[in-house]
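Structural description and commentary
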Amino acid sequence: MSTITSPMVEPLSPSPVPGRKRGRGGSTLWRYLVIRFLLIFPTVFILVTMVFVLMRITGDPITVALGGKLPPDQLQERIHSAGYDRPIIVQYLEYLGNIFTGNFGNSLTDNQPISKLLLTHGTATLELAFYALIVAFIVGIPLGMVAAYFRDRWPDASLRIFAILAYATPVFFAGLLLKLVFAVFLKVLPVAGRASTRTEIDFQSLPGRTGIYLIDAIRTGDGHIIGDVLSHAILPGLALGLLTAGIFLRLVRTNVIGTLSRDYIDAARSRGVPERRLVTKHALKPALIPIITVIGLQIAVLLGGAVLTETTFEWKGLGFELAFYLSKRDFVAVQGIVALLAVIVALTNFIVDIVAAIIDPRVRY
C-alpha cells in the first residue's frame, strides 16, 4: 500500500494593507510637506489672476484714478506711457513677470513704489494679527474649557451666547465700543495710533528699525516706550482678536466634550481622577488639534478684518493703506497690497500644515 505524501506548504506572508504604502513615517511627512509647498504656487497664481481681472473690469487704472482730473490728451499720454493701451494679455504677462521680480510698480496717487509701501506697512499688519491671535488664544481656549466643564448649565449657555456675539459683531462696531468705553469714558487707553508722537520720534533715531514696534521698543530698553506701544495695541488687538476668540471658544468646547466621552477618559474617571483634571490635562491636547488647523483659515479672516480695524484705530498698516487707495481708486496700489496678502495667507497655511502634520500624523494619509 503506497503512502501519498503531501507537499510542504509555505506559510503565506501577510499581504500589505490596500491603499497604504510601506515606508517610514519621515518619508511620508516629507512627501506631504513637498506637496503642500507646491500647492502654494497655484494658489497665489489664481488669487493674483483674479485680482488682475477684477481690477481691469472697470477699465485701465489711470482712467479710473485720474479720469476727469486731467485733460484728455494728457490722460491718453499717461495711458500710453504706462502701457495700458496694449492688449490685455500682454499687460497680464508683464504684470506676472514684474511680480516674480518683486516689482509691483508705483502708486498712481502719490507715485510711491509699491514694494516700499509693502515693506513699510506690512510689518504693522503682521504685528496687529499677532496681537489678535494672542487675544484669541487667551480668551477662546480657557473659556471653551469652562463651557465644556459646565456643559448644559448656565455658564455654558452664557459663554455660547458670548461666542456668537463675538463672532457676529462687526469689527468696526466692536472697535468703536471699545474706544468709547476705555478711551473716552474711562480714559485709560489711547484712542488711536500705534504709538505716541514721542515714541515715534524715538523710533526715527533707532538704527536698524524692524518696523514691528514691540520689537523696536524692546530694543530701546525703555520701559515707558514698551508700555506706550503695548497700551496702543490693546484696543485694536481686542477688537480683532474677539472675532477669532468666538470661533476658538466653540471649537474647544465641542472637541473637549467629544474627548470626555472617550473610553480612556471613562477609565480615568472610574479611578477617581477629578473632573477638572480630566478637562485641563487629558481632554485639552486632543481638542487643540482642530484649533491649529483652523488658524490658517483664520489668518485670512484676520487680514480681512484688519482693513476695518486699522481704519477704526488709525493703525497704519496694509489695511489702512488699502482703504486709502481704494477711496482714491488707485488700483495699481490695490493690486500690489492684495497680492502680498495672498502670499501671506498661502505661506501661513503652509506653516500651519507643517505644525498639524507634526502633531497629528493622521493628516499625512
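Bear in mind that the values here come from a model prediction, so they are computed numbers and not experimental data. (Residues numbered from 1 in each chain as written. Predicted model: local features only at pLDDT ≥ 70, side-chain atom pairs only at ≥ 80, totals over all residues. Heavy atoms only, no water.)

1. Some points on the overall build of the protein
What the protein contains, in helices and strands, is 16 helices and zero strands. Expressed as a percentage of its 365 residues, the buried residues of the protein come to 42%. A total of about 21,000 Å² of accessible surface is found on the protein, and carbon and sulfur atoms cover 67% of it. (Helix = DSSP H or I, 4+ residues; strand = E, 2+ residues; numbered from the N terminus. Buried < 20%, exposed > 50% of the residue type's maximum accessible area, 1.4 Å probe, protein only. Areas by Shrake-Rupley, 256 points an atom, 1.4 Å probe, with all protein chains shown as cover.)

2. Focus on the side chain of aspartate 330
Structurally, aspartate 330 is set in the loop between α15 (318-327) and α16 (331-359). If we skip the residues at most four places from it in the chain, aspartate 330 touches Ser107, Leu108, Thr109 and Tyr325. (Contact = heavy atoms within 4.5 Å.)

3. A few points about a nonpolar patch on the surface
Side chains of Phe172, Phe173, Leu176, Leu177, Leu180, Val181, Val184, Phe185, Leu186, Val188 and Leu308 sit close together on the surface and give an oily, nonpolar patch of about 990 Å² of accessible area. Ranked by the residues each element gives to the nonpolar patch, the list is headed by helix α8 (residues 171-185), at eight residues. Among the structural elements, leucine 180 can be located in helix α8. Using a relative accessible area of 38% as the deciding quantity, one classes leucine 180 as partly exposed. (Patch = residues over 30% accessible without salt bridge, like charges linked within 9 Å, V, L, I, M, F, W, Y side chains within 5 Å. Salt bridge = Lys/Arg side-chain N within 4 Å of Asp/Glu carboxyl O.)

4. Some remarks on helix α14 (residues 284-313)
Between the first and last C-alpha of α14 there are merely 35 Å, a value that for 30 residues lags more than 12% behind the 44 Å anticipated at 1.5 Å per step. In α14, a bend of some 40° at glycine 296 exceeds every other bend along the element. Once α14 ends, the next one or two residues include glutamate 314, with phi positive near 50°. (Expected span 1.5 Å × (residues − 1). Bend = angle between axes of the 7 residues up to and from the residue.)

5. Description of the side chain of glutamine 335
Along the chain, glutamine 335 falls in helix α16. Beyond its immediate chain neighbours, meaning those up to four positions away, glutamine 335 contacts Val51, Phe52, Met55, Arg56 and Tyr95.

6. Describing unusual backbone geometry
Most peptide bonds take the trans configuration, and most residues that are not glycine carry a negative phi. A positive phi angle, close to 60°, is found at aspartate 152, a residue other than glycine. Note on placement: aspartate 152 falls in the loop between α6 (114-149) and α7 (154-168). The backbone of glutamate 314 shows a phi angle near 50°, a positive value even though the residue is not glycine. Looking at where glutamate 314 falls in the secondary structure, it is placed in the loop between α14 and α15. On the basis of relative accessibility, which here comes to 47%, the residue glutamate 314 falls in the partly exposed class.

7. Remarks on the packing of aromatic side chains
Applying the stated criterion to the full structure yields 10 aromatic pairs. Consider the rings of tyrosine 149 and phenylalanine 150, whose centres lie 4.8 Å apart with planes at 90°: the pair is edge-to-face. The residue whose ring lies beneath lysine 179 is phenylalanine 313, and the NZ or CZ to ring-centre distance is 5.7 Å. Residue placement shows arginine 194 over the ring face of tyrosine 213; its charged tip is 3.7 Å from the ring centre. (Phe/Tyr/Trp six-rings, centres within 6.5 Å; stacked < 30°, edge-to-face > 60°. Lys NZ or Arg CZ within 6 Å of the ring centre and 35° of its normal.)

8. Notes on the pattern of salt bridges
Going through the model one piece at a time under the given rule, you end up with six salt bridges. Of the charged contacts in the structure, one is a salt bridge between arginine 151 and aspartate 152, with a shortest N-O distance of 3.7 Å. Judged by its relative accessible area of 47%, arginine 151 falls in the partly exposed class. Of the charged contacts in the structure, one is a salt bridge between aspartate 156 and arginine 160, with a shortest N-O distance of 3.5 Å. Of this pair, aspartate 156 and arginine 160 are both found in helix α7, four residues apart, which corresponds to roughly one turn of the helix. Arginine 160 sits in the partly exposed class, given a relative accessible area of 30%.

9. Observations concerning the nonpolar core
If you look at the biggest cluster of nonpolar residues, it comprises 76 residues, and the most contacted ones within it are Val256 and Ile337. Among all residues touching valine 256, those that are not within four sequence positions of it are Ala148, Val279, Ala283 and Ala287. Judged by nonpolar contacts, the second largest core, of six residues, contains Leu75, Tyr84, Leu108 and Val332. (Core = buried A, V, L, I, M, F, W, Y, C linked by side-chain atoms within 4.5 Å.)

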